[in-house]
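Observations on the three-dimensional arrangement
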Amino acid sequence: MKRSAPTRLHSLGQLRRVVKVGDATGTAVRAALRPIRALGFPYRKPMVPKGVVVAADPSKLGANFETGWARSSAAKAARSVITNGPMRIFVKAVASPRVVGLDRLADLQRHDETPPVIFAPNHHSHVDTPLIITVVPEPWRSTLVVAAAADYFFDTRVKGALAALTLNAFPIDREVTSRKSSDELRRLIDDGWSLVIYPEGGRSPDGWGQEFKGGAAYLANRTGVAVVPVFIDGTGSIYGKGMKRLKRGTTKVVFGSPLVPLEGESTRRFNARIEAAVAALGDEALTDFWTARQRAARGSNPKLTGPEYNGWRRQWALAEQRKLGRAGVRRRQQRQWPDLG
Amino acid sequence: MPRPGFVLEVDRSTPSILFWRGENFSLEKLPAGRSRVIYPPEPLEALSDIDGAIRHALANPIDQDPLATQLFPGMKLTIAFDDVSLPLPKMRRPDVRQRVIEAVLDTAAQAGVDDVHIIAALGLHRRMHEYELRHALGDRIYDAFHDRGMLYQHDGEDHDNLSVIGTTDEGEVLEINKRAADSDLIVYVNINSVSMDGGWKSITTGLASYRSLSHHHNPETLENTKSLMGHRHQSALHTSVWRLGKVLRDNGPKIFQIETTLNTDMFPSPFEFINKREWEWTAKDRATFVGTTKSLNHTPIKLARKIFHGIEGPHQMTSVQAGETEAVHKITLEHVHRQQLMEVQGQTDILTMGIPFVSPYNPDGVMNPVLVMCMGLGYLFNMYRNKPLVREGGVVIMTHPCYRDFNPVHHPSYIDFFEQVLTDTTNPAEMSRKWEKQYAEDEWYRHLYRTGNAYHGVHPFYAWYWGAHGLQHAGKVIIVGGDPPTVRRLGFTPATTMDDAFEIASDVVGRSPTITHLHVPALLIADVQ
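In this text, all values refer to a predicted model and were calculated from it rather than measured experimentally.

Before going further, it helps to examine the overall build of chain B. Check the secondary structure of chain B and you find 20 helices and 20 strands. Taken over the C-alpha trace, chain B has a radius of gyration of 22 Å; the compact-globule value for 529 residues is 24 Å, and the two agree within 12%. Along the first, second and third principal axes, the C-alpha atoms of chain B reach 70 × 55 × 45 Å. Counting only residues that meet the buried cut, chain B has 57% of its 529 residues in that class. For chain B, contacts bridging at least 24 residues in sequence account for 80% of all contacts bridging at least 6.

Across its full length, chain A carries twelve helices and seven strands. Burial statistics for chain A: of 341 residues in total, 37% are counted as buried. Relative to all contacts within chain A whose residues are 6 or more apart in sequence, the contacts with residues 24 or more apart total 72%.

A few words on the interface of chain B and chain A. Contact with chain B, which involves 22 residues of that partner, is made by 18 residues of chain A. For the side of chain B that touches chain A, the secondary-structure elements that each account for two or more residues are helix H1 (50–59), helix H3 (96–111), helix H4 (130–145) and helix H16 (443–451) of chain B. With seven residues, H4 of chain B is the single largest residue contributor to the side of chain B that touches chain A. Its residues assigned to classes, the side of chain B that touches chain A comprises eight nonpolar, four polar and ten charged.

To continue, consider the confidence of the model for chain B. Averaged over all residues, the pLDDT of chain B is 95; the fraction at 70 or higher stands at 100%. Interface confidence for the predicted complex, given as ipTM, is 0.80, next to a pTM of 0.85.

Residues and elements named next belong to chain B. Segmenting chain B into domains produces domain 1 (6–39 + 345–528) and domain 2 (50–161 + 183–206 + 249–262). One C-alpha centre belongs to domain 1, the other to domain 2; they are set 32 Å apart. Counting from both sides, the interface comprises 16 residues of domain 1 and, opposite them, 16 residues of domain 2. Among the elements that line the side of domain 1 that touches domain 2, the one with the most residues is H16, at three residues. By residue class, the composition of the side of domain 1 that touches domain 2 is ten nonpolar, four polar and two charged.

Residue and element names in this part refer to chain A. Relative to each other, helix H2 (residues 73–95) and helix H4 (residues 128–135) sit at 115°, their axes nearing to 9 Å. Once H2 is placed against H4, the crossing between them reads as left-handed. Residues Thr 83, Met 87, Arg 88, Phe 90, Val 91 and Ala 95 of H2 pack against Pro 130, Leu 131, Ile 133 and Thr 134 of H4. Its residues assigned to classes, the contact of H2 with H4 comprises seven nonpolar, two polar and one charged.

Residue and element names in this part refer to chain B. As summarised here, the arrangement of the three strands in space is E13-E20-E15, forming an open sheet in which the pairing is parallel. Taken across any chain shown, the strands that pair with only one partner, and hence form the sheet edges, are strand E13 (341–344) and strand E15 (384–385). Examined bridge by bridge, E15 and strand E20 (residues 525–528) share two bridges and lie parallel to one another. By the bridge assignment, Arg 385 is partnered in E20 with Asp 527.

Residue and element names in this part refer to chain B. Burial analysis of strand E4 (residues 35–39) places four of its five residues in the buried class, which makes it a mostly covered element. Of the pairings in the sheet, the one linking strand E1 (residues 6–9) to E4 comprises four bridges and is antiparallel in character. Within E4, the position partnered with Leu 8 by the bridge is Val 37. Relative to strand E19 (residues 515–518), E4 is paired through four bridges, and the arrangement is parallel. Opposite Ile 38, over in E19, you have Leu 518 as the bridge partner.

All names here are of chain A. On the basis of which strands lie adjacent, the open sheet formed by seven strands has the order E1-E7-E6-E2-E5-E3-E4 and mixed pairing. Whereas interior strands pair on both sides, the edge strands pair on one side only; in this sheet they are strand E1 (97–100) and strand E4 (169–172). With strand direction ignored, the average angle separating the axes of adjacent strands in the sheet is 25°. Bridge count for strand E3 (residues 144–149) against E4 is four bridges, and the pairing is parallel. Bridge pairing links Val 146 to Ala 169 in E4.

Residue and element names in this part refer to chain A. For helix H6 (residues 157–167), every residue scored as buried is listed here: Gly 160, Ala 163, Ala 164, Thr 166 and Leu 167. Where the residues of H6 are buried, they touch H2, H4, E3, helix H5 (150–153) and E4. Remark: Asn 168 follows H6 within two positions and exhibits a positive phi of approximately 55°.

Moving on to H1 of chain B. Turning to H1 of chain B, its buried residues number three or more, namely Ile 50, Ile 54, Ala 57 and Leu 58 of chain B. All buried residues of H1 of chain B lie within an arc of 100° about the axis, which places them on one face of the element. Buried residues along H1 of chain B sit against helix H3 (106–109) of chain A together with helix H2 (67–70), H3, strand E11 (254–262) and strand E12 (317–323) of chain B.

Here we come to the packing of helix H13 (residues 369–380) of chain B against helix H17 (residues 459–466) of chain B. All names here are of chain B. Their axes nearest at 7 Å, the elements H13 and H17 cross at an angle of 35°. Where H13 crosses over H17, the handedness of that crossing is left-handed. Contacts between H13 and H17 involve Val 370, Leu 371, Met 373, Cys 374 and Gly 378 on the former and, on the latter, Pro 460, Ala 463, Trp 464 and Trp 466. The residue inventory of the contact of H13 with H17, partitioned by class, reads eight nonpolar, one polar and no charged.

Further remarks concern the pairing of E19 of chain B. Residue and element names in this part refer to chain B. Side-chain alternation along E19 places Ile 515 and His 517 on one buried face and Thr 516 and Leu 518 on a second face that is also buried. The sheet contact formed by strand E14 (residues 348–356) and E19 spans four bridges and is parallel. Opposite Leu 351, over in E19, you have Thr 516 as the bridge partner.

Right, let's get into the confidence of the model for chain A. Residue and element names in this part refer to chain A. Mean pLDDT over chain A: 84, with 88% of residues reaching 70 or higher. Across residues 1–7, where pLDDT falls below 50, the model places zero contacts with residues more than four positions away in sequence or in other chains. Here residues 327–334 is modelled with pLDDT under 50, and outside its nearest four sequence neighbours on either side it reaches 14 contacts, counting other chains as well.

Looking now at unusual backbone geometry. Cis geometry marks the peptide bond from Leu 88 of chain B to Pro 89 of chain B, where omega comes out at -15°. Among the secondary structure elements, Pro 89 of chain B is positioned in the loop between strand E5 (76–82) and H3. In the segment running from Ser 269 of chain B into Pro 270 of chain B, the intervening peptide bond is cis, with an omega of 5°. With respect to the element layout, Pro 270 of chain B can be found in the loop between E11 and helix H10 (283–297). In the Ramachandran plot, Ser 96 of chain A falls in the positive-phi region, its phi being about 40° despite a non-glycine side chain. Looking at the secondary structure, you find Ser 96 of chain A in the loop between H2 and E1. Positive phi, normally seen in glycine, also occurs at Asn 386 of chain B, with a value near 75°.

A word on the environment of Leu 377 of chain B. Residues and elements named next belong to chain B. Relative to the elements of secondary structure, Leu 377 occurs in helix H13. C-alpha separation for the pair Leu 377 and Ala 468, spaced 91 residues apart in sequence, amounts to 7.7 Å. Each residue touching Leu 377, except ones within four places of it in the same chain, is listed here: Val 396, Gly 467, Gly 470 and Leu 471.

Conventions used here
Residues numbered from 1 in each chain as written. Chains lettered and ligands numbered in written order. Predicted model: local features only at pLDDT ≥ 70, side-chain atom pairs only at ≥ 80, totals over all residues. Helix = DSSP H or I, 4+ residues; strand = E, 2+ residues; numbered from the N terminus. Rg over C-alpha atoms; globule rule 2.2 N^0.38 Å. Buried ≥ 20, exposed ≤ 12 C-beta atoms within 10 Å, placed from the backbone. Contact = placed C-beta atoms within 7 Å. Nonpolar A, V, L, I, M, F, W, Y, C, P; charged D, E, K, R; others polar. pLDDT = per-residue confidence, 0-100. Domains from an automatic or database assignment. Axes fitted to C-alpha atoms, helices over the stretch in contact; angles between N-to-C directions. Left-handed = near helix turned anticlockwise from the far one by under 90°. Pairing = 2+ DSSP bridges. Arc of directions from axis to C-beta.

Now the structure itself:
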């Protein structure tokens, strides 16, 4: 006690001296600036005339959010740890995915330099993105950029930074066709990045799919890269639009054969082909390959957008559909035993 | 640009040469000045657009109308495919059979064909396990067809479901799967790993019964099959098969044959050193070799087998052609020869060969002693055109541990064949006369073949007959590193080391014989001049 008392007094004395010096400095600075303040504009910020509305600074949020840093080596390394660690554990725990059809990508993987592709899955849930990121095979996984809704994922700095770092998300304006976004995406493809674009433009509002927008087809047409149709089944029941909390379930991800635009094929036609391919994969996921191919040949694969009618019947049909799906009980077929006499 | 095959004359600077020894390897020094090593041609470039090539072949068949125009609603379509006895090792997914059958199914779906059966043409081979069918056909086809009873395996003992197509002028009866026989069209999907495969052999063996197969799978025919992999007119087996093919063409259903060839890129990383020439081994290859062999020396045999049978080869398709069977097969053989054929000058006194862990008859199973004989004298010895690599009366030296070990699920009749038949005789003709019928008609073997995963009761005889020409041709067969009592049971001579084997061989070929080593893998056909 005897030793510590003088020490404390000594510190208080020092503090008083620091405060005194600080006050003196402040007074000196204010005195020095007084003549400049008196000078006014242009040495000072101009006053805004009454009745004039000053245009706001261009926003750095939304579609203008800068995500280039998320593709640096350091961010890639961090993302790799996140993807292969917590994200994979989360997906496994929540969605328990079964992945089929990866063999359809084998030919692209055979190349010495695997070409970039555009993955075009249907979209039912926020779980879709971590799911697709963890099931896409290498080397695409580590070079995957996810086109994400600018108004949803990039409306605040923190959300945007998190989306860019963990998902390698890139902001896309859903409302207007942005030349800047598409040019930027083309540049990314030219640099060897692969894309995940949800052609539906957003999550399904009612559990059925939505008509495909032409973004993926347009980019493929412009860049010549292949579009890989993907069907995701089951995530709508796990965390569909409007759900308050996650509900664990099982999912199935079906990869289709890569599609390339045919010579002279318009974006609209190619987009229709991508939509038909995803619908056929959906049929394959819920029935089997042969049934899906037979229906595809007749053009009668069930539409992603569901039945034409509205109201309760539409929801009723959705429940039936989910029963068939991986998320529910897969259709069991009659087993036939060989007749050995 | 892949390099063609190469014959190395061994001199004092030649490094030791790689030999397979079952589930391991060894390096052997061959005598300088009188030895040569035959290195196979390097793997050809695979097709860049495999699915595109398949679609093109279906749309532009040889001597037939496009597949799409041969399909119509209400028809009976049967797709038959080769079993997993090839390729070896199994290929990385997607397997060629899956690619081709998916393309055929797509065409059938477009044409509105509903009645489609897919049949594994396994002849008297064992039924495949589910995981093997899934590997060969892919999950999509398996899931869509198997549970509906539209994908199944041929049963050569199901007499209610066999149908006689006709008889050749030589009295050979062609009896094949009834569903196939009653079909409006059979699409046969083949992998032509070696030149003896394909052509009429696909259906007349793969979908046939024991009754039909016994016409050419017998000692007399196989002893007269002087070039199993070479010219057809030197092969009594193929002459008989082609006669049956003519009966099939004249009296049977319409056939759309699809044949494919693969390159010889058989082993993936880290086993690339197996495919390389020894003096081109990098430090990494050498380290891998040393690490692999040292570890395998201390690895339980079951684990070693599991490791090797788990290997999936990176081999890929080099050609696909479809249409009329004979016309297609002619082109297929050209592609096989483009990959495997190489010229070799003259015969040799001693032919050496390393026997690997796998043969066409033990995919995912045990390479039992009977199969060691079949692989050495039935397959590797026969990889020639014109005349054998070893002179008549010469010596064949193989390297293999030749353990007395059998897979009772896959090879039940092989166990009894080894214990009962080989103790009595190793002469193919004599065993055929005395024992074959008993094994072929044994009810228990028949039951295991039909309901389990066992080769047919007669199969060990066929495996033995496959080496009949080699047995007849060679003056002596020596197995280096083999279990002595087992090797003696086969009628061969055991040797501990390669030098011992050369010493033993000197009784037959003298003190200074010429030696030729067949460097396998990959595959080659030596065109011996």
